[in-house]
Amino acid sequence: FIGNHFPIGITLMMCLVILGLNPLLKLIRPQAVFRSTELITIWAMCLVAAAFPTAGLLRQLIPWLVMPVYMLPQNPEWEPVLAHLPDWLFPLKDPTADQATQVLDKFYLGSDQDNPFFVPWAVWWKPLLIWGVYYVPFYLGVLMLSILLSRQWIVQEKLQYPIATVMLEMVRDAPKGRRFNTLFSDRRMWLGAGIVIAIHLINGLHSIYPKIPAIPLGYGLGGIFTEGFWPHVVGYMKSSKIYFSMLGIAFLMASEVSLSLWFFVVVYGIIIAFIRYNGSDPLEAIRSQHYGAILAMGGYLLFLARSHLSLALRMAFLRPRNPREHAYATYRWVVWALILCMGVCTAWLCATGMPIWLAIAQLVILYLIFLVLSRLVAETGLFFVVPQLYAQHLFQLIAPNLLAVKNQVLVISSAWSSLVGRETLMPFAFNALRLRHEAEKQQPGEAGGDSLRNIEVGSGRFIGALIGAMIISLVVGGAVSIALYYSWGAVRTGNWAAFGGAASLCNHAVDYI
């Protein structure tokens, strides 16, 4: 449903509203038709809500609170790792406790058939609230930083925002007297969409009825080039697939960006192949270079925005003296909210036993990583971006063995869940704010009542709507995730994070010790 920063489930839902519900409302109740600004608000709220239920946070966080304890009897070497983590972070810390069967076993194996909806909420509410005290301000800080920089990227640097451009074209109001807007009235669009739908329909039928021939959308050369230099070529150069959605978005990129993405990916693959061919494994060097590039680019993005940021920071503490400063006075509450959120997160991390300097450094590094990922999405339209980093690398790549064991374990525990970049909040937030910027140009004049149409897109109500969507997503997503685990059992979900992901973190911590 989500999967990346152009979530297909939300896009399909919006298409149903635009192509199904709105035309129906035009016939039976024209005044109830959703206008462009309302659709933008709905889409923006859905985007920020999409950041939490799965890989953005909860897919990793919920199993992490159970898996190390559940697997401790089979992995006694993990005991020193868990000893460094406070008991109040987990629903249960002792795998031999009387409640272990109810809390741990049923999480992984599922509930009994006579009580399929059993969930031991009594032991879950406390750790969920405690982790919420960290993650709610953490992601509110992400949103505040996005708000702080969005004007710089949209107005000053004029980034392309290819994904938001597609969304804006889809939600534009239809001309007077027309049922659909310009995009959905274009026969060429329907012809292209029809071809793609037909190809996927045929391939879907082939997976069910193999006698129906499939239409190949990829190539695989791994079985052909098996000698000499060729086996060392990276996988994406030996086999790949056509993604029609990415082809469409590429038309909205700047030509030099599109060329660079292709050219440097090929050069990168060739360099790796030569290194491997000469007997070296470049993985760790690549990860270090990747991390260094992220930190350098994050710093450079802040440097580009130095004038914008310095004025916003000044207005957080001083009174405006001229019209330009008056325009920046509205950033006062954004800056203070960001400071407050980082302060709460720092206090929470310190309460777990982390030194204050490490807590602040961790927050700054995570925000820089999110900022770089957001820039890639905003400038190129790449909707599947994942940093080649894990929580254990945050400080290990800067200076090996810099941290005490307890501190390294605390960093791993608090950073891992939020570090899967393909669905993280900040790129969603930047696209949502780009939608908001467009809606400000067409903000309706009327107001009144309590309906959704009165969330003024250019005001604090819009930000309030985004925050509300975030909170609802966290609460509902967390509750549903836990209920599904106890109903089905983690072993039936196939969730990588519930097994290999959490285990790899514990094993790394053991190696670090």
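Residues numbered from 1 in each chain as written. Predicted model: local features only at pLDDT ≥ 70, side-chain atom pairs only at ≥ 80, totals over all residues. Heavy atoms only, no water.

Visitor: How should the overall build of the chain be read in this particular structure?
Guide: The number of helices and strands found in the chain is 24 helices and two strands. Across its three principal axes, the chain shows a C-alpha extent of roughly 70 × 65 × 55 Å. Buried residues in the chain amount to 46% of all 513 residues. Partitioning the intrachain contacts of the chain with sequence separation of at least 6 by distance along the chain shows that 75% fall at a separation of at least 24. Accessible area for the chain stands at about 25000 Å²; split by element, carbon and sulfur atoms hold 65% of it. (Helix = DSSP H or I, 4+ residues; strand = E, 2+ residues; numbered from the N terminus. Buried < 20%, exposed > 50% of the residue type's maximum accessible area, 1.4 Å probe, protein only. Contact = heavy atoms within 4.5 Å. Areas by Shrake-Rupley, 256 points an atom, 1.4 Å probe, with all protein chains shown as cover.)

Visitor: Quick question: what am I supposed to make of the pattern of salt bridges here?
Guide: One pass over the structure, following the stated rule, counts nine salt bridges. The partner of E438 in a salt bridge is R172, with the nearest N and O atoms 3.4 Å apart. Of this pair, E438 sits in helix 21 (residues 425-441) while R172 sits in the loop between helix 8 (162-171) and helix 9 (182-185), placing them 266 residues apart in sequence. Residue classification places E438 among the buried positions, given a relative accessible area of 10%. A single salt-bridge network, built from bridges that share partners, covers E169, R172, R434 and E438. (Salt bridge = Lys/Arg side-chain N within 4 Å of Asp/Glu carboxyl O.)

Visitor: What should I look at first to understand the packing of helix 18 (residues 356-380) against helix 20 (residues 405-415) in this one?
Guide: The relative placement of two packed helices is expressed as an angle between their axes plus a distance between the axes. Running from N to C, helix 18 and helix 20 cross one another at 40°; their axes reach a closest spacing of 12 Å. In the crossing of helix 18 with helix 20, the sense of the turn from one axis to the other is right-handed. Residues L358, Q362 and L366 of helix 18 pack against N407, V411, S414 and A415 of helix 20. Tallied by class, the residues present in the contact of helix 18 with helix 20 amount to four nonpolar, three polar and no charged. (Axes fitted to C-alpha atoms, helices over the stretch in contact; angles between N-to-C directions. Left-handed = near helix turned anticlockwise from the far one by under 90°. Nonpolar A, V, L, I, M, F, W, Y, C, P; charged D, E, K, R; others polar.)

Visitor: I would appreciate a short explanation of unusual backbone geometry in the present structure.
Guide: Despite not being glycine, K158 has its phi angle at roughly 50°, a positive value. Among the structural elements, K158 can be located in the loop between helix 7 (121-156) and helix 8. Even without glycine at this site, Y161 takes up a positive phi of about 50°. Counting through the fold element by element, Y161 comes out in the loop between helix 7 and helix 8.

Visitor: When you look at the state of the cysteines in this model, what are you seeing that I'm missing?
Guide: In protein chemistry, a disulfide is the covalent bond that joins the sulfur atoms of two cysteines. In this structure the tally under the stated criterion is zero disulfides. Counting only cysteine sulfurs, C345 is the nearest neighbor of C341, a cysteine outside any disulfide, at a range of 6.7 Å. (Disulfide = S-S within 2.5 Å.)

Visitor: Please clarify how helix 17 (residues 332-351) should be interpreted in this entry.
Guide: Along an α-helix, a turn takes 3.6 residues, which lines up residues three or four apart on a common side. The end-to-end C-alpha distance of helix 17, which contains 20 residues, comes to 29 Å, matching closely the 28 Å that a straight helix rising 1.5 Å per residue would cover. Among all positions in helix 17, only V334, V335, A337, L338, C341, C345, T346, W348 and L349 are buried. Lining the buried residues of helix 17 we find helix 7, helix 15 (306-317), helix 18 and helix 20. (Expected span 1.5 Å × (residues − 1).)

Visitor: Hey, could you run me through the nonpolar core in this one?
Guide: Most often, soluble globular proteins have nonpolar side chains that are buried together. Counting residues in hydrophobic clusters, the biggest one holds 148 residues, and the most contacted among them are F138 and L394. At 18 residues, the largest contribution of residues to this core is made by helix 7. Once residues lying within four places of it in the same chain are set aside, the contact partners of L394 are Y291, Q362, I365, L366, I369, V411, A415 and L419. (Core = buried A, V, L, I, M, F, W, Y, C linked by side-chain atoms within 4.5 Å.)

Visitor: I keep staring at the packing of aromatic side chains and nothing clicks. Help me out?
Guide: A ring pair, where both rings are aromatic, is described by two values, the distance of the centres and the angle of the planes. Counted under the stated rule, the structure contains 25 aromatic pairs. With a centroid separation of 5.5 Å and 25° between ring planes, the pair formed by Y134 and F138 is classed as stacked. Of this pair, Y134 and F138 both sit in helix 7, four residues apart, which is roughly one turn of the helix. Residue F138 is classed as buried on the basis of its relative accessible area, which comes to 0%. Aromatic side chains F317 and W336 sit 5.0 Å apart centroid to centroid with 65° between the ring planes, which places their arrangement in the edge-to-face category. (Phe/Tyr/Trp six-rings, centres within 6.5 Å; stacked < 30°, edge-to-face > 60°.)

Visitor: Which parts of the structure should I look at to understand a nonpolar patch on the surface?
Guide: Among the surface-exposed residues, I471, I472, V475, V476, V480, L484 and W488 lie close enough to one another that they form a single nonpolar patch of about 630 Å² accessible area. One can find I472 in helix 22 (residues 460-488). (Patch = residues over 30% accessible without salt bridge, like charges linked within 9 Å, V, L, I, M, F, W, Y side chains within 5 Å.)

Visitor: How should I be thinking about the packing of helix 17 against helix 18 in this particular structure?
Guide: Two elements in contact, helix 17 and helix 18, have axes separated by 9 Å at closest approach and are oriented at 130°. Relative to helix 18, the element helix 17 is oriented oblique. Judged by the twist between their axes, the crossing of helix 17 over helix 18 is right-handed. Contacts from L338, M342, C345, T346, L349 and C350 of helix 17 reach helix 18 at I356, A359, I360, Q362, L363, V364 and Y367. For the contact of helix 17 with helix 18, the residue count by class is eleven nonpolar, two polar and no charged. (Parallel < 35°, antiparallel > 145°, perpendicular 65-115°, else oblique.)

Visitor: When you look at helix 15 in this model, what are you seeing that I'm missing?
Guide: Taking 1.5 Å per residue as the helical rise, helix 15 with its twelve residues ought to reach 16 Å, and the 17 Å between its terminal C-alpha atoms agrees with that figure. Of all the residues in helix 15, the buried ones are H308, L309, L311, A312, M315 and A316. Considered in projection along helix 15, the buried side chains sweep an arc of 165° and stay on one side of the axis. (Arc of directions from axis to C-beta.)

Visitor: When you look at the environment of F395 in this model, what are you seeing that I'm missing?
Guide: Mapped onto the elements, F395 comes out in helix 19 (residues 393-396). Linking F395 and Q408, residues 13 residues apart in sequence, is a C-alpha distance of 8.3 Å. Discounting chain neighbours no more than four positions away, the residues touching F395 are L358, A361, Q362, I365, L403 and V411.

Visitor: I keep staring at the environment of I271 and nothing clicks. Help me out?
Guide: Within the secondary structure, I271 is located in helix 13 (residues 255-277). I271 gets classed as partly exposed once you look at its relative accessible area, which sits at 47%. Between the C-alpha atoms of I271 and V233, which are 38 residues apart in sequence, the distance is 9.0 Å.

Visitor: I would appreciate a short explanation of the side chain of K93 in the present structure.
Guide: Mapped onto the elements, K93 comes out in the loop between helix 5 (79-83) and helix 6 (100-109). At a separation of 2.9 Å, a polar atom in the side chain of K93 contacts the main-chain carbonyl oxygen of L82. In this structure the side chain of K93 is engaged in a polar contact, spanning 2.7 Å, whose partner is the backbone oxygen of L85. Discounting residues that sit within four places of it in the chain, K93 has contacts with V69, L82, L85, P86 and D87. (Polar contact = N/O pair within 3.5 Å; in protein donor to acceptor, adjacent residues only side chain to side chain.)

Treat this as a map of the structure, not an account of what it does.
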